[in-house]
Amino acid sequence: MSLLALSLAEARAGLAAKDFSARELAEAYVAAMAEARPLNAFITETPERALAMADESDARRARGEARPLDGIPVAVKDLYCTRGVLTTAASHILDGFVPPYESTVTENLWRAGAVMLGKTNLDEFAMGSSNTTSYYGPVENPWRRAGDNRPLVPGGSSGGSAAAVAAHAALAATGTDTGGSIRQPASFCGIVGLKPTYGRCSRWGVVAFASSLDHPGPMTRTVRDAAIMLGAMAGHDPRDSTSAPLPVPDYEAALTGGIAGLRIGIPKEYRADGMPAEIEALWRQGAAWLKERGAVIVDDVSLPHTRYALPAYYIIAPAEASSNLARYDGVRFGLRVPGESLEDLYEQTRAAGFGAEVRRRVLIGTYVLSAGYYDAYYLKAQRVRALIARDFTEAFARVDCLLAPTTPSAAFAIGEKSDDPIAMYLNDLFTVPADLAGLPAVSVPAGLSADGLPLGLQVIGRAFDEATVLRAAAALEAAAGFTHRPSFRAGDR
Amino acid sequence: MALDKATVARIATLARIRLSPAELEPLAGELSHILDWVEQLNEVATDGVAPLASVADIALPMRDDAVTDGNCRDAVLGNAPAAAKGFYTVPKVVE
């Protein structure tokens, strides 16, 4: 069996048994990254660093000092700052930015022994659902429709991470989820994507998009791998004032025990108008699978404000983004376009440095925060957000988890939906509510569309109850038995 | 809410993003389209509902007012597009 085909848990066992070395595993992934270059999943490859870290890992293991993730090659979304390695947020405005510091989450991964492969492509500043807004060009989904060779989007914004994991160019990856940016690309690429509870993984050193909504989390091939990755990434961080001062449970141990008696709610408002019948059918199938395994299905759960989540999000997220992105002024780091005056330098730099979608959102955010509109838009959206969070609190008085589709469609072609921002925003219809409420949610590949593309189902749970969410997701994964293969996978030839 | 070109120009100035005159019209259309769509929030009764700014259910942590970082001028300036003698350099703003 090829090293690339192993899951993270299997690779960990192989390394522990000395079936192969971290160096051999890293070499296989460095070659896989190169083979997968046509997907454009990576902005920066760091093969020398990967091999050096692998050698250190082998040395630790030889001394009997192996750590939980020792020798596991992972890719990092290029929104996480990495010391000494170009960090772009897929934006022109961060040209040449090499952080002198490391994000807490990646620091945690390296401390656990993981090996860094490189930095993955994304939508610019994580704003997008298709990975087509990147200054470094679109990412291709390793999947193609049956009988149709057009390249498809991997979803976004963590599209490079999703494509790399699905194409076996990384064993696992980090992502961030602000409106669905981990779960939607995971669904489009046939992998597992976990958005933890807000505050579970530190945001320190992650380029800020919308601070009250940004959730770092793992993207993996299996639910067990997501549990392992989350255990290494999570933890309290004094440098993030919203980081939860809570102990991190053993998520992998929590996968055992089954789901007998677990109460799973089916939120009726997630039946969107015009939802494809195959997605509705897959959702019903998912509920049936969980029921067969002993869960109690509660099919009249209501989250009445669901349809207002997306418009509330498209006020709150741009408002926070317009504030966060004010720091990119051309003075202290990144791109500088010279001007006649300092004011002119700011305006020229920001016009040249931001792409169309980022500019659109900064302008919307500036408008809804401006004098005279703040109450009508921004405070109104925050009040609706409170109602959305309350809907979930009331639902979780009756059920332990919710089951819903991850996305209202399968992956689409590059260029489709790009002329209407709102058509693009609708991708996040089912993922945005859990971001607004800060709840843990995981997407699991559950089946194929009629034209052969992966479709995900998501499990949403109570705050800080990732353990139950992962256990339900593992049951779903076992029942679905998703073993379909994308059109492109490194090491297949 | 339909935004006119003058309003878009004013927002762009607030946001410090230079727009060419030709960009104002299409942006006014796009932004108005988005604002029309978000206005469905007015259907929701929110009287007496407190705005939710963050779901982090924790008190803002306090720490001693002590220096925890610093002495890293060269690392900070390492990313500067232009610097001289330990300072950022910017265009002359005072004649």
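Thresholds applied
Residues numbered from 1 in each chain as written. Chains lettered and ligands numbered in written order. Predicted model: local features only at pLDDT ≥ 70, side-chain atom pairs only at ≥ 80, totals over all residues. Helix = DSSP H or I, 4+ residues; strand = E, 2+ residues; numbered from the N terminus. Rg over C-alpha atoms; globule rule 2.2 N^0.38 Å. Buried ≥ 20, exposed ≤ 12 C-beta atoms within 10 Å, placed from the backbone. Contact = placed C-beta atoms within 7 Å. Pairing = 2+ DSSP bridges. Right-handed = clockwise from strand over helix to strand, strands pointing away. Nonpolar A, V, L, I, M, F, W, Y, C, P; charged D, E, K, R; others polar. Axes fitted to C-alpha atoms, helices over the stretch in contact; angles between N-to-C directions. Core = buried A, V, L, I, M, F, W, Y, C linked by C-beta atoms within 7 Å. Parallel < 35°, antiparallel > 145°, perpendicular 65-115°, else oblique. pLDDT = per-residue confidence, 0-100.

## Examining the overall build of chain B
Item 1. Helix and strand counts for chain B stand at 3 helices and 2 strands.
Item 2. The order of α-helices and β-strands along chain B, N terminus first, is α-α-α-β-β.
Item 3. Since a compact globule built from 95 residues should have a radius of gyration of about 12 Å, the 23 Å found for chain B marks it as more spread out than a globular shape.
Item 4. Dimensions of chain B, computed from the C-alpha atoms along their principal axes, are close to 55 × 45 × 25 Å.
Item 5. Taking all 95 residues of chain B together, 17% fall into the buried category.

## Section: the overall build of chain A
Item 1. The secondary structure content of chain A amounts to 15 helices and 11 strands.
Item 2. Here chain A has a C-alpha radius of gyration of 21 Å; the compact-globule value for 493 residues is 23 Å, and the two agree.
Item 3. Going through the 493 residues of chain A one by one, you find that 62% of them count as buried.
Item 4. Look at the contacts in chain A between residues 6 or more apart in sequence, and 77% of them connect residues 24 or more apart.

## A word on the pairing of strand β7 (residues 263–267) of chain A
Residues and elements named next belong to chain A.
Item 1. Two elements, β7 and strand β8 (residues 296–301), share 4 bridges in a ladder whose sense is parallel. Bridged to Ile264 within β8 is Ile297.
Item 2. A crossover links β7 with its parallel partner β8, the connecting element being helix α8 (residues 277–292), and its sense is right-handed.
Item 3. In terms of strand pairing, β7 meets strand β9 (residues 401–405) through 2 bridges, oriented parallel. Each residue of the ladder has a partner; that of Gly265, found in β9, is Leu402.

## Thoughts on unusual backbone geometry
Residue and element names in this part refer to chain A.
Item 1. A cis geometry characterises the amide bond from Gly156 onward to Ser157, with omega recorded as 10°.
Item 2. Along the chain, the position of Ser157 falls in the loop between β3 (115–120) and α5 (159–166).
Item 3. The backbone of Lys18 sits at a positive phi, close to 60°, despite the residue not being glycine.
Item 4. By secondary structure assignment, the location of Lys18 is in the loop between α1 (8–16) and α2 (22–35).
Item 5. Although it is not a glycine, His168 sits at a positive phi angle of roughly 60°.
Item 6. Checked against the element boundaries, His168 lands in the loop between α5 and β4 (172–177).

## Considering the interface of chain B and chain A
Many authors give the size of an interface as the accessible area that is lost as the parts come together.
Item 1. Tallying the contact residues gives 40 residues for chain B and 54 residues for chain A.
Item 2. Elements supplying a minimum of two residues to the side of chain B that touches chain A: α1 (5–14) and α2 (21–38) of chain B.
Item 3. A total of 7 residues in the side of chain B that touches chain A trace back to one element, the largest contributor, which is α2 of chain B.
Item 4. For the side of chain B that touches chain A, the residue count by class is 31 nonpolar, 6 polar and 3 charged.

## Topic: the sheet that holds strand β1 (residues 42–45) of chain A
Hydrogen bonds along the backbone pair up the strands of a sheet, which may run parallel or antiparallel.
All names here are of chain A.
Item 1. The strand order β1-β3-β2-β4-β6-β5-β10-β11-β9-β7-β8 describes an open sheet built from 11 strands, whose pairing is mixed. Where the open sheet ends on each side, the last strands, each with one partner, are β1 and β8. Strand after strand, the sheet turns through a mean of 30° between neighbouring axes, direction not considered.
Item 2. The sheet contact formed by strand β2 (residues 73–77) and β4 spans 2 bridges and is parallel.

## Details of helix α7 (residues 223–233) of chain A
Residue and element names in this part refer to chain A.
Item 1. Counting buried residues along α7, 11 of its 11 residues qualify, which places the element largely inside the surrounding structure.
Item 2. For α7, the set of buried residues is Val223, Arg224, Asp225, Ala226, Ala227, Ile228, Met229, Leu230, Gly231, Ala232 and Met233.
Item 3. In the stretch just after α7, Gly235 is the one whose phi turns positive, near 140°.

## Examining the nonpolar core
Item 1. Ranked by size, the top nonpolar core spans 178 residues in total, and within it Val74, Val115, Ala164, Ala170, Ala312 and Ala472 of chain A carry the most contacts.
Item 2. The dominant element in this core, judged by the number of residues it contributes, is helix α9 (residues 309–324) of chain A, at 10 residues.
Item 3. Non-local contacts of Ala312 of chain A, meaning those with residues more than four positions away in its chain, are made with Ala381, Val384, Arg385, Ile388 and Leu436 of chain A together with Leu41 of chain B.

## Brief notes about the packing of α7 of chain A against helix α15 (residues 466–480) of chain A
Residues and elements named next belong to chain A.
Item 1. It is at 9 Å that the axes of α7 and α15 come closest, and there the two elements cross at 160°. Comparing the axis directions of α7 and α15 gives the class roughly antiparallel. Residue-level inspection shows Val223, Ala226, Ala227 and Leu230 of α7 in contact with α15, the latter providing Glu466, Leu470, Ala473, Ala474 and Glu477.
Item 2. Residue composition of the contact of α7 with α15, by class: 7 nonpolar, no polar and 2 charged.

## Comments concerning the environment of Pro304 of chain A
All names here are of chain A.
Item 1. As for its position among the elements, Pro304 is in the loop between β8 and α9.
Item 2. Between the C-alpha atom of Pro304 and that of Glu107, which follows or precedes it by 197 residues, the distance is 40 Å.
Item 3. Residues in contact with Pro304, not counting those within four places in the same chain, are Glu269 and Asp391.

## A look at the environment of Ala446 of chain A
All names here are of chain A.
Item 1. Within the element layout of this structure, Ala446 appears in strand β10 (residues 441–448).
Item 2. For the pair Ala446 and Leu476, spaced 30 residues apart in sequence, the C-alpha to C-alpha distance is 7.5 Å.
Item 3. Once residues lying within four places of it in the same chain are set aside, the contact partners of Ala446 are Leu282, Gly286, Leu455, Gly456, Leu457, Leu476, Ala480 and Phe482.

## Regarding the confidence of the model for chain B
Residue and element names in this part refer to chain B.
Item 1. Chain-level statistics for chain B give a pLDDT mean of 92 and a share of 98% at 70 or above.
Item 2. The least confident element of chain B, judged by mean pLDDT, is helix α3 (residues 73–77) at 93; the most confident is α1 at 97.
Item 3. For this predicted complex, the interface confidence reaches an ipTM of 0.95, while the overall pTM sits at 0.97.

## Quick notes on the packing of α8 of chain A against α15 of chain A
How two helices sit against one another is set out by the angle between their axes and by the gap between those axes.
All names here are of chain A.
Item 1. Contact pair α8 / α15: the axes reach a minimum separation of 9 Å and the direction vectors enclose 105°. As the angle between them shows, α8 and α15 are arranged roughly perpendicular. Contacts from Gly286, Trp289 and Leu290 of α8 reach α15 at Ala472, Ala475, Leu476, Ala479 and Ala480.
Item 2. For the contact of α8 with α15, the class distribution of residues is 7 nonpolar, 1 polar and no charged.

## Details of the pairing of strand β11 (residues 454–461) of chain A
All names here are of chain A.
Item 1. In terms of residue burial, β11 counts as a mostly covered element, since 8 of its 8 residues are buried.
Item 2. Burial along β11 is two-sided: the face carrying Pro454, Gly456, Gln458 and Ile460 and the face carrying Leu455, Leu457, Val459 and Gly461 are both buried.
Item 3. Bridge count between β9 and β11: 5 bridges; the pairing is antiparallel. Across the sheet, the residue bridging to Ala404 is Gln458, located in β11.
Item 4. Here 7 bridges tie β10 to β11, and the two strands are oriented antiparallel to one another. Residue pairing across strands places Ser443 opposite Gln458, the latter belonging to β11.

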